[in-house]
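Structural overview for review
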Amino acid sequence: MTGERPHPTLHSNAAPTGDGRLSAPSATRNAPAIVKALVPLMPAEGVVLEIASGTGEHAVALARALPGCIWQPSDIAPERLVSIDAWRAAEGVANMRVAIALDATRPDWAFGPVAAVYLSNLLHLLPTGAGENVVSGAARSLRPGGRFFIYGPFREGGRFRSEGDARFHDSLTRSDPEIGYKDVEWVLAVAAAAGLKPLARVEMPANNLILAFERPAT
Ligand SMILES: C[S@@+](CC[C@H](N)C(=O)[O-])C[C@H]1O[C@@H](n2cnc3c(N)ncnc32)[C@H](O)[C@@H]1O
């Protein structure tokens, strides 16, 4: 279980492959389950913005599984943008755009309007206020009826979902007392404040969750 968790830094556990691509064992491992869970919930067409795409491995897998959509990857880290584009070129994914630099913790950020926003494994690495900015920016970026998907580890009812989660949270707060796991209830409240309605909750392997939201159509 603990092997699922990235190293407690924003740059996680990705390793170079030698051609610009980075590969993260966790991203390789969890991509198939994420694809299976998200395909039925994703819009059939339109632009999907991915925040914090990391290596680009989720982007390639999801763009392939959603041929009617146009996948727009992004990240804050220049070496991640290089990796994402290298994955796109190596795999020849036609419905994936060039990655863009995006700091999703800026208070005023927005992109789009897009049909969906996807975010994986970032909120627990951020202070609370930065996490609020990620969610409010995603909500601002959605077209009416658009959907926001958040994958990652969470706490719920004040409890961790496993001992490995509690250990990982402790290692995060030791490295930076302002960061750490967010409660499901916190995500629901922040999303509601941003005008989003809960759409679905999917239990994922290794005690992770997908929390899905929708911007009302009117
Ligand atoms: C743990 S990795 C997750 C990568 C990928 N989403 C996954 O699940 O495999 C966290 C990613 O967030 C990116 N990141 C960190 N701060 C960010 C910010 N303020 N805005 C956008 N991306 C950020 C990092 O560069 C890194 O690629």
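Throughout this document, residue positions are counted from 1 along each chain, in the order its sequence is written. Only residues with pLDDT of at least 70 get local features here, since the model is predicted, and only at 80 or more are side-chain atom pairs given and counted; chain-wide, interface and lining totals rely on the full set of residues. Excluded from the side-chain calculation are hydrogens and water; included are all heavy atoms of the structure.

**Brief notes about the overall build of the protein chain**
Numbering of helices and strands runs from the N terminus, with a helix taken as a DSSP run of H or I at least four residues long and a strand as a DSSP run of E at least two residues long. From N to C terminus, the protein chain includes six helices and 12 strands. For the protein chain, the spread of C-alpha atoms along the principal axes amounts to about 50 × 45 × 30 Å. Every one of the 218 residues in the protein chain was classed for burial, and the buried ones make up 50%. For the protein chain, the accessible area works out to roughly 9,300 Å², and carbon and sulfur atoms hold 57% of it. Looking at the protein chain, you have 21 positive and 22 negative side-chain charges, and the mean spots of the two groups are 4 Å apart. The cut-offs for exposure are 20% and 50% of the maximum accessible area for each residue type, with area from a 1.4 Å probe on protein chains only; residues under the lower value are buried, those over the upper are exposed, and the others partly exposed. Areas reported as accessible are Shrake-Rupley estimates using a 1.4 Å probe. Residue values count occlusion only from the protein chains shown. Only four residue types enter the tally: Lys and Arg on the positive side, Asp and Glu on the negative side; His and the chain ends are excluded. The location of each charge is read from NZ of Lys, CZ of Arg, CG of Asp or CD of Glu.

**Some details on the packing of aromatic side chains**
Aromatic contacts are taken between Phe, Tyr and Trp rings whose centres are within 6.5 Å, Trp giving its six-membered ring; a plane angle under 30 degrees counts as stacked, one over 60 as edge-to-face, and the others as tilted. Under the counting rule described, the total for this entry stands at three aromatic pairs. Their ring planes at 55° and their centres at 6.0 Å tell us that tryptophan 71 and tyrosine 118 sit as a pair that is tilted. Residue tryptophan 71 is found in strand β4 (residues 69–72), and its partner tyrosine 118 is found in strand β7 (residues 114–120); the two are separated by 47 residues along the sequence. The pair tryptophan 71 / tyrosine 118 is uniform in exposure class, with both members buried.

**Considerations on the site of the ligand**
The immediate surroundings of the ligand are formed by 19 residues, with Ala52, Asp75, Asp103, Ala104 and Ser120 found nearest. For this analysis, a polar contact is any N or O atom pair within 3.5 Å, provided that within protein one partner can donate a hydrogen and the other can accept it, and provided that sequence-adjacent residues contribute only side-chain to side-chain pairs. Between alanine 52 and the ligand, the recorded distance is 2.7 Å, taken from a backbone N or O atom to a nitrogen atom. In this structure, arginine 80 approaches the ligand through a side-chain N or O atom, which is 3.4 Å from an oxygen atom. Starting from 590 Å² of accessible surface for the ligand in isolation, the protein chains cover 96%. Just so you know the grouping, Ala, Val, Leu, Ile, Met, Phe, Trp, Tyr, Cys and Pro go in nonpolar, Asp, Glu, Lys and Arg go in charged, and all remaining residues, Gly too, go in polar. Grouping the amino acids of the shell around the ligand by side-chain chemistry returns nine nonpolar, seven polar and three charged. Throughout, the term near means that a residue has one or more heavy atoms lying within 4 Å of the molecule or strand in question.

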